[in-house]
Amino acid sequence: EYAPDGRPLQRTAAGLQPAPKYAEDILVGNHSTVWGSYFDREIMAWGYACCRQSSRNAYCTGDTGRAAHEAALRHKQGQKAADPAEDPAKQADKADRADSIVKGSELDAATSTP
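Residues numbered from 1 in each chain as written. Predicted model: local features only at pLDDT ≥ 70, side-chain atom pairs only at ≥ 80, totals over all residues. Heavy atoms only, no water.

Undergrad: What exactly am I supposed to notice about the environment of W35 here?
TA: Residue position: W35 is located in the segment before strand 1 (38–40). Residue class for W35 comes out partly exposed when judged on its relative accessible area of 27%. Taking the C-alpha atoms as reference points, W35 and S55, 20 residues apart in sequence, are found 9.4 Å from one another. Once you skip the residues sitting within four places of it in the chain, W35 turns out to touch W46, G47, Y48, Q53, S54, S55 and R56. (Helix = DSSP H or I, 4+ residues; strand = E, 2+ residues; numbered from the N terminus. Buried < 20%, exposed > 50% of the residue type's maximum accessible area, 1.4 Å probe, protein only. Contact = heavy atoms within 4.5 Å.)

Undergrad: Sorry if this is basic, but what is going on with the confidence of the model for the chain here?
TA: Detailed reading of the predicted coordinates is not advisable wherever pLDDT falls low. Here the chain shows a mean pLDDT of 75. Residues at 70 or above account for 62%. Per-element mean pLDDT across the chain ranges from 56 in helix 2 (residues 88–111) up to 94 in strand 2 (residues 45–47). (pLDDT = per-residue confidence, 0-100.)

Structure follows, in structure tokens:
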């Protein structure tokens, strides 16, 4: 093997690992993944998996950017955007709160004296 300047490398007993030609695992722009960790099939471009950005110099927007990307894809495909009010977990939570309010008012009515 040879060094970048062309000199032959001498091996030691433990072996010599050559340095990579390009810098590896460099995280820029607040990204938590490296460039090329995601491939967008819609536009046929590489990007960042953490936020689904396909612009190499973009700043990471995290989960908010990923949600916006998915909403844009749904809109592009003509699907209805996900409405937080239609989330079954939130509807169940609202129903539980409404039940507790009704029970609380029944309790107040039973304990009050006319």
